[in-house]
Amino acid sequence: MPGWQGSILRVNLTKRKWVVQRLDPAVARDFIGGRGLAVKILWDELPPGVDPLSPHNKLIFAAGPLTGLPGPNFGKLVVAAKSPLTGGYGDGNIGSWAAVNLRKAGYDALVVEGRAERPVYIFIDGDKVEILDAGDYWGLNAWAVEEKLQKIHGRDAAVVTIGPAGENLVRFATVVSHKGRSGGRPGMGAVMGSKNLKAVVVRGKGEIPLADKAQYQKLAVEAVKEGSSSPSYSFWMRQGTNSTVEWAQEASVLPTYNYTEGQFDEFNKIGGAMVEKLETDLKACPLCFMACGHWIPAESGTVEVDYENIAMLGSNLGIGDLQKIAELNRIADTMGMDTISLGNVIGFVMEASERGLEDKLGFVVEWGDYEAARQLAYDTAYRRGVGDLLAEGVKRISERIGGEDFAIHVKGLEVSAYDCHAAPAMALAYATSPIGAHHKDAWVISWEVKTDRMGYTREKAAKVVELQRIRGGWFETFVGCRLPWVEVGLSLDWYPKLFKAATGLDATPDYFNEVGDRIYALIRAFWIREYGWWNREMDTPPKKWFKQPLSRGPLKGAHLDYDSYNKLLDYYYEIRGWDARGVPTQKTLERLGLGYVAEQLGRFIEL
Ligand code: PTT
Ligand code: SF4
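Residues numbered from 1 in each chain as written. Chains lettered and ligands numbered in written order. Predicted model: local features only at pLDDT ≥ 70, side-chain atom pairs only at ≥ 80, totals over all residues. Heavy atoms only, no water.

**Student:** I would appreciate a short explanation of the overall build of the protein chain in the present structure.
**Tutor:** Each helix and strand in the protein chain was counted, giving 27 helices and 17 strands. Taken over the C-alpha trace, the protein chain has a radius of gyration of 22 Å; the compact-globule value for 607 residues is 25 Å, and the two agree within 12%. Dimensions of the protein chain, computed from the C-alpha atoms along their principal axes, are close to 60 × 55 × 50 Å. Per-residue burial over the protein chain gives 66% buried out of 607 residues. The contacts in the protein chain between residues at least 6 apart in sequence include a share of 71% that link residues at least 24 apart. In the structure as shown, the protein chain presents an accessible area of about 20100 Å², 49% of it carried by carbon and sulfur atoms. Here the protein chain contributes 71 positively and 76 negatively charged side chains, and the mean placements of these two sets differ by 4 Å. (Helix = DSSP H or I, 4+ residues; strand = E, 2+ residues; numbered from the N terminus. Rg over C-alpha atoms; globule rule 2.2 N^0.38 Å. Buried < 20%, exposed > 50% of the residue type's maximum accessible area, 1.4 Å probe, protein only. Contact = heavy atoms within 4.5 Å. Areas by Shrake-Rupley, 256 points an atom, 1.4 Å probe, with all protein chains shown as cover. Lys, Arg positive; Asp, Glu negative; His and termini not counted. Charge placed at Lys NZ, Arg CZ, Asp CG, Glu CD.)

Have a look at this one:
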């Protein structure tokens, strides 16, 4: 099975045992790898209704057949589990040498099961696997642990770790690597912490078997050459994702004051141009030709900033000072928690305070109060005082203190940094994303602002599905960074060619798209099985975008409309072959080879 290593490493922390399992070629063909493999394992193996923070949840690090190979950015790894934030399927995609080393150590995935009695870390060195004591590292921040473990095991050993937020089961704790990479927004770090697993250290020096090595190498060189000669390449290298601040301001989608507005008066103090001025270093994930890790100084040291981080910890909180934002970003990175959710929970309490809920909160915090935000960030990571409430995420906070009308989440995952008062397709993308409100599966906003902006057309629903297929069915399964395609316009045609040279399989775009549809249907089935009920309310964007129009800017007065949104959602379900509640029909499941799923979902399924 060239391309794949054909092996999954399973480590059971309760039993302190590990085993190498063969990857079924039929599963590899139908699900490819990454997110596909992860959801297949979770569906097949998790007892329905399992507590995400119990030993019965499984934490999966899944690569794909292109991961670890040279070419356009294949140094990425999916990290997945049942989410403690949403109660549904959760994943993220982290750039790390651990991705490359895991594959070179001979594995396509690592599945961590059970719970260790005491803090441990897993050390993988090719076919040698050890479960080692992590007592000395528990409590340390994510960056310090990575340094210490590399001192012990060598710089060629890659590390993914958690910080105090993961240990303290903050529901949006992430897995961290390389100091600037943070993956698994829906609480994958908390799942790792619940297993008493501080880190995974992996060294691998073997070969990845390829169907046609010479052809693969030739294509990889040509693809990178095309990407780096793109007209947008040099601007991208200067600003990376940070130029999105200026773009979002122009388009009135920059989240401001907890998504009350789409424009921020001080945007030019926090945008890509300012990042360029302050930059001290540029770093990248492994095997990347278009580094996007822009480092700038903050109060306690330097840190990588990205668009989402700046918008969520800046304009969304009313903070217009880039270095202060960078400090909040640095706290999130070292503590190991997601900046998007952190910016949402702090924004939510600022608004709650403004709206007179301070009695329930026990304090007042005003827009733009950096010192308070800094304190709240630390308190959240350590679950100190009110931080214990913030660590639960916006949905749970609003259920406890009120404010559901301005709780900005879908299915419990906080919305990423695009305001959707005037963006129905982007709102649909958030509402139907397979992990809750993340932009990763369909960043349709860049297309939407250039088209019939306030339209609720079938074309918009079709565009969301098209993007979800490409992002979910291609990049999350062969596992590579999607930014070469999104940001410097690398043609999608390269990927089936590279895939064929690696695996020998004639993979057409239709093949990848169908895999994407299969994965989407299975993830949806997983959510339904876990919740025990389902309805279209679950696929509805936050109330604020319907009920509270933008109060300023060129799109003043804009808001979403419920009836029209429901029409858009109907189009979406129809294209996917799901019924009016958002449940895949039996016919759809059978067409995708998921008849066994229909059997288990039983009463939910329509013919
Ligand atoms: C990703 C999400 C993003 S998406 C950003 S900024 W972005 C935030 N970054 C965080 C951070 O930094 N520190 C922190 N403590 N929390 C953070 N939360 C947010 O996490 C990320 C890049 C980016 S930067 C993007 S768009 C692309 N995302 C990809 C994806 O999803 N799939 C894929 N195949 N390729 C992608 N390439 C790009 O990767 P999550 P990373 Mg990521 C400091 O993790 O869970 O998917 O959330 O992991 O290695 O940092 O890569 O403007
Ligand atoms: Fe990593 Fe950015 Fe390169 Fe993608 S473009 S591989 S996220 S450094």
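After that view of the structure, there is still more to cover.
**Student:** Can you help me understand the pairing of strand S1 (residues 7-12) in this one?
**Tutor:** Across a regular strand the side chains alternate sides, sitting on one face of the sheet and then on the other. The element S1 is largely enclosed, with a buried count of six among its six residues. Residues of S1 alternate between two faces, with Ser7, Leu9 and Val11 on one and Ile8, Arg10 and Asn12 on the opposite face, all of them buried. Here S1 runs beside strand S2 (residues 17-22); their pairing, made up of six bridges, is antiparallel. When the bridges of S2 are listed, Arg10 appears paired with Val19. Between S1 and S2, which pair antiparallel one after the other, the connecting turn spans four residues, and Arg16 there sits at a positive phi close to 55°. Direction of pairing for S1 relative to strand S6 (residues 109-113): parallel, over a ladder of five bridges. Residue Leu9 lies in a different strand from S6, and its bridge partner there is Leu110. (Pairing = 2+ DSSP bridges.)

**Student:** Please explain the site of ligand 1 as it appears in this structure.
**Tutor:** What surrounds ligand 1 is a group of 30 residues, the closest being Gly95, Gly184, Asp333, Asp338 and Glu476. Between ligand 1 and Lys440 there is a distance of 3.4 Å, counted from an oxygen atom to a side-chain nitrogen or oxygen. Looking at the shell around ligand 1, the elements that each hand over two or more residues are strand S5 (89-95), strand S11 (181-183), helix H11 (307-313), helix H12 (322-335), helix H13 (339-354) and helix H20 (458-479). Here the element with the most residues in the shell around ligand 1 is S5; it accounts for four residues. Counted by class, the shell around ligand 1 contains seven nonpolar, 13 polar and ten charged residues. (Near = heavy atom within 4 Å. Polar contact = N/O pair within 3.5 Å; in protein donor to acceptor, adjacent residues only side chain to side chain. Nonpolar A, V, L, I, M, F, W, Y, C, P; charged D, E, K, R; others polar.)

**Student:** Can you walk me through the site of ligand 2 in this structure?
**Tutor:** With respect to spatial proximity, the complete set of residues near ligand 2 consists of Asn73, Lys76, Arg181, Ala284, Cys285, Cys288, Met290, Cys292, Cys481 and Leu483. Class assignment of the residues belonging to the shell around ligand 2 gives a composition of seven nonpolar, one polar and two charged.

**Student:** Quick question: what am I supposed to make of helix H15 (residues 370-382) here?
**Tutor:** Residues spaced three or four apart along an α-helix face the same direction, because each turn holds 3.6 residues. For H15, built from 13 residues, the straight-helix expectation of 18 Å at 1.5 Å per residue is met to within 8% by its first-to-last C-alpha distance of 19 Å. Tyr370, Ala372, Ala373, Leu376, Ala377, Asp379, Thr380 and Ala381 are the residues of H15 that are buried. Packing partners of the buried residues in H15 comprise helix H5 (164-167), H12, H13 and helix H16 (387-390). The opening residue of H15 is Asp369, an N-cap whose side-chain oxygen sits 3.3 Å from the backbone nitrogen of Glu371. Just beyond H15, the residue with positive phi is Arg383, at close to 50°. (Expected span 1.5 Å × (residues − 1).)

**Student:** Sorry if this is basic, but what is going on with the sheet that holds strand S4 (residues 76-82) here?
**Tutor:** Sheet strands pair via backbone hydrogen bonds, and the direction of the pair is either parallel or antiparallel. Across the sheet, six strands lie side by side as S2-S1-S6-S3-S4-S5; this open sheet has mixed pairing. Of all the strands in the sheet, just S2 and S5 have a single pairing partner and so form its edges. Taking each pair of neighbouring strands and ignoring which way they run, the sheet shows an average axis angle of 20°. (Axes fitted to C-alpha atoms, helices over the stretch in contact; angles between N-to-C directions.)

**Student:** Sorry, what's going on with the pairing of strand S15 (residues 301-305) here?
**Tutor:** One ladder, built from five bridges, connects strand S14 (residues 293-298) with S15; its direction is antiparallel. Note on S15: the bridge partner recorded for Pro297 is Thr302. Adjacent in sequence and paired antiparallel, S14 and S15 are bridged by two residues.

**Student:** Looking at this model, I keep getting lost on the packing of helix H2 (residues 34-45) against H20. Mind explaining?
**Tutor:** When two helices pack together, their arrangement is given by the angle between the helix axes and the distance between those axes. Remark: H2 packs on H20, axes separated minimally by 5 Å, with the N-to-C direction vectors making an angle of 85°. Between H2 and H20, the angle falls in the class roughly perpendicular. Between H2, through Gly34, Arg35 and Gly36, and H20, the contact on the second element is made entirely by Gly472, Glu476, Thr477 and Val479. Looking at the contact of H2 with H20, its residues break down into one nonpolar, four polar and two charged. (Parallel < 35°, antiparallel > 145°, perpendicular 65-115°, else oblique.)

**Student:** Explain unusual backbone geometry here, please?
**Tutor:** What is expected of a backbone is that most residues other than glycine have negative phi and most peptide bonds are trans. Look at Asn196: it is not a glycine, yet its phi comes out positive at around 60°. Positive phi, close to 60°, is recorded for Lys411, a residue that is not glycine. On the secondary structure map, Lys411 appears in the loop between strand S16 (409-410) and strand S17 (413-414). Take Lys411: its relative accessible area is 6%, and that puts it in the buried class.

**Student:** What exactly am I supposed to notice about the pattern of salt bridges here?
**Tutor:** Pairing is possible between side chains of opposite charge, provided their charged atoms come close. If you walk through the whole model with that rule in mind, you get 48 salt bridges. For Asp91, the salt bridge identified is with Arg35, shortest N-O distance 2.7 Å. Note that Asp91 is positioned in strand S5 and Arg35 in helix H2, a separation of 56 residues in sequence. Residue Asp91 is classed as buried on the basis of its relative accessible area of 1%. (Salt bridge = Lys/Arg side-chain N within 4 Å of Asp/Glu carboxyl O.)

**Student:** Hey, could you run me through the side chain of Asp91 in this one?
**Tutor:** Within polar-contact distance, the side chain of Asp91 engages the side chain of Arg35 at 2.7 Å. At 2.7 Å, the side chain of Asp91 forms a polar contact with the side chain of Tyr89. Ignoring anything within four residues of it in the chain, the contact list for Asp91 reads Arg35, Val78, Val79, Ala80, Gly184, Arg185, Pro186, Met188, Ile435 and Lys440.

**Student:** Would you explain the packing of aromatic side chains in this entry?
**Tutor:** Each aromatic ring pair is described using two quantities: the centre-to-centre distance and the angle formed by the ring planes. Taken as a whole and assessed by the stated rule, the structure comprises 32 aromatic pairs. Seen in terms of ring centroids, Tyr511 and Phe512 are 5.5 Å apart; in terms of plane orientation they differ by 50°. Their pairing is tilted. One exposure class covers both Tyr511 and Phe512, and it is buried. Centroid distance Phe546 to Tyr565: 6.0 Å. Interplanar angle 80°. Geometry classified as edge-to-face. Taken together, the residues span a long stretch of sequence, with Phe546 in helix H24 (residues 544-547) and Tyr565 in helix H25 (residues 562-576) at a distance of 19 residues. (Phe/Tyr/Trp six-rings, centres within 6.5 Å; stacked < 30°, edge-to-face > 60°.)

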